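Take a look at the letters that make up each chain.
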Amino acid sequence: MMILLSEEEEKYRLQSEILRETNSELENINWISTHDLQEPLRKIQMITSKLLTEKSSNPEDPDFDSLERVSKSAARMRELLQDILKYTRIKNTGEAAEQIDLNQIFEGTIEEFTEVISESSAIIECEKLPEVKAIAFLMKQLFSNIILNSLKYASPDRSPVIIITASKEPVIINNQADVYFNWVKFSDNGIGFDQKYAGSIFKVFTRLHTQQEYSGSGIGLALCKKIMQTLGGTITAEGKLGQGTCITIYFPCNTEDIPT
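A brief look at the structure comes next. These numbers come from a predicted model, not from an experiment.

**Focus: the pairing of strand β6 (residues 180–188)**
- Summarising burial for β6: seven of the nine residues are buried, a large majority.
- Bridge count between strand β4 (residues 161–166) and β6: five bridges; the pairing is antiparallel. Of the residues in β6, the one forming a bridge with Ala166 is Val184.
- As defined by bridge partners, strand β5 (residues 171–172) adjoins β6 across two bridges and the pair is classed as antiparallel. By the bridge assignment for β6, Ile172 is matched with Tyr180.
- Pairing of β6 with strand β8 (residues 244–252), which is carried by seven bridges, proceeds in the antiparallel orientation. For Val184, the partnering residue across the bridge sits in β8 and is Ile249.

Have a look at this one:
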């Protein structure tokens, strides 16, 4: 029996070593495919931008339209590579989490996107948000992705309105006894979506609309899900077609916040 146990342990040790090497190789491939490929794309954009400037006096030139399409395609590719890099960099960062004031995260996000919000004539209302155990730069990415997603999918029939609310006390979700969460909801009046796609929208590269209708890489909400999973939380979506979307993020409660 001891010999068999020893053989099993050795087998699992070898498998674990192979798995670590494979993960390391995948990380290197991800880095090369996202970071190193951005340099040639920058050159493509630089050259096309120069040519477009030279031809700007004659926009009817057939080459002008072709160059514009090349420039836009290169920009989309850079955005996609940057999003992939962000996605693959997120690992188990629980040990780096600290108390974060989500009100400061919200204010910083709004300040960064002041022009975008103004151009879309959006109204964003936010009640007092809680402090949670998280990582500041991940929370900034999370808030940015959700708010920009609401602005992107705004209804053409009305000005965008985004209402951000928060739980007043910890709640239990999914019938998990003794597991409490604080939630923050982002509700908008955009185009919404069919609820049957509620799970799909958090998958990488999943798009409910064509690239021609709405730009983007299709990674934004998948990135949000990975951020919340990294923090031990979760994220859900509720949608009504033509009426709007509600994204809810759940943060594990601090021990002292759990009701007794």
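**Section: the packing of aromatic side chains**
- Scanning all chains against the criterion turns up two aromatic pairs.
- Judged by centre distance (5.2 Å) and plane angle (85 degrees), the ring pair of Phe143 and Phe186 falls under edge-to-face. Of the two residues, Phe143 is situated in helix α6 (residues 136–152) and Phe186 in strand β6; the sequence distance between them amounts to 43 residues.
- Summarising the aromatic geometry, the rings of Phe181 and Tyr250 are spaced 6.4 Å apart at their centres and angled 85 degrees between planes, so their arrangement reads as edge-to-face. A residue pair is termed long-range when its members are at least 10 positions apart, and Phe181 in strand β6 and Tyr250 in strand β8 qualify at 69 residues.
- Its relative accessible area of 6% is what places Phe181 among the buried residues.
- Positioned above the aromatic ring of Trp183 is the side chain of Lys185, whose terminal nitrogen or guanidinium carbon lies 4.8 Å from the ring centre.

**A closer look at the packing of helix α4 (residues 102–112) against α6**
- Packing of α4 against α6 brings their axes to within 9 Å, and their N-to-C directions diverge by 55 degrees. Compared by their axis directions, α4 and α6 come out oblique. In this structure, α4 crosses over α6, and the sense of that crossing is right-handed. Counting all contacts with α4, which are made through Leu102, Ile105, Phe106, Gly108, Thr109, Ile110 and Glu112, the residues of α6 involved are Ala136, Met139, Lys140, Phe143, Ser144 and Ile147.
- Looking at the contact of α4 with α6 residue by residue, the class counts come to eight nonpolar, three polar and two charged.

**Focus on the nonpolar core**
- With 41 residues, the main nonpolar core has Met139 and Ile249 as its most contacted residues.
- For this core, the secondary-structure elements that each account for two or more residues are α4, β3 (131–134), α6, β4, β6, α7 (220–230), β7 (234–240) and β8.
- Examining the composition of this core, we find that seven residues originate from one element, α6, more than from any other.
- In this view, Ile249 contacts Leu142, Phe143, Ile146, Asn182, Trp183, Val184, Phe186, Met228, Thr234 and Ile235; residues no more than four positions away in its chain are not counted.

**Some words on α6**
- For α6, spanning 17 residues, the distance from its first C-alpha to its last is 24 Å, which sits close to the expected 24 Å at 1.5 Å a residue.
- Listed as buried for α6 are Leu138, Met139, Leu142, Phe143, Ser144, Asn145, Ile146, Ile147, Ser150 and Leu151.

**Quick look at the packing of α6 against α7**
- Running from N to C, α6 and α7 cross one another at 145 degrees; their axes reach a closest spacing of 9 Å. Crossing handedness for the pair α6 and α7: left-handed. On the side of α6, the interface is formed by Leu138, Met139, Gln141, Leu142, Asn145, Ile146 and Asn149, while α7 contributes Gly220, Leu221, Leu223, Cys224, Ile227 and Met228.
- Here the contact of α6 with α7 is composed, by residue class, of nine nonpolar, four polar and no charged.

**With respect to α7**
- For α7, every residue scored as buried is listed here: Leu221, Ala222, Leu223, Cys224, Ile227, Met228 and Thr230.
- Count one or two residues on from α7 and you reach Gly232, which has phi positive near 85 degrees.

**Here's the deal with unusual backbone geometry**
- Positive phi outside glycine occurs at Ser121, with the angle close to 55 degrees.
- Following the sequence through the fold, Ser121 ends up in the loop between α5 (114–119) and β2 (123–126).
- For Ser121, a relative accessible area of 45% gives the class partly exposed.

**Topic: the environment of Cys253**
- Relative to the assigned elements, Cys253 resides in the segment after β8.
- Placed 84 residues apart in sequence, Cys253 and Glu169 show a C-alpha to C-alpha distance of 9.7 Å.

So, how was this worked out
- Residues numbered from 1 in each chain as written.
- Predicted model: local features only at pLDDT ≥ 70, side-chain atom pairs only at ≥ 80, totals over all residues.
- Heavy atoms only, no water.
- Buried < 20%, exposed > 50% of the residue type's maximum accessible area, 1.4 Å probe, protein only.
- Helix = DSSP H or I, 4+ residues; strand = E, 2+ residues; numbered from the N terminus.
- Pairing = 2+ DSSP bridges.
- Phe/Tyr/Trp six-rings, centres within 6.5 Å; stacked < 30°, edge-to-face > 60°.
- Lys NZ or Arg CZ within 6 Å of the ring centre and 35° of its normal.
- Axes fitted to C-alpha atoms, helices over the stretch in contact; angles between N-to-C directions.
- Parallel < 35°, antiparallel > 145°, perpendicular 65-115°, else oblique.
- Left-handed = near helix turned anticlockwise from the far one by under 90°.
- Contact = heavy atoms within 4.5 Å.
- Nonpolar A, V, L, I, M, F, W, Y, C, P; charged D, E, K, R; others polar.
- Core = buried A, V, L, I, M, F, W, Y, C linked by side-chain atoms within 4.5 Å.
- Expected span 1.5 Å × (residues − 1).

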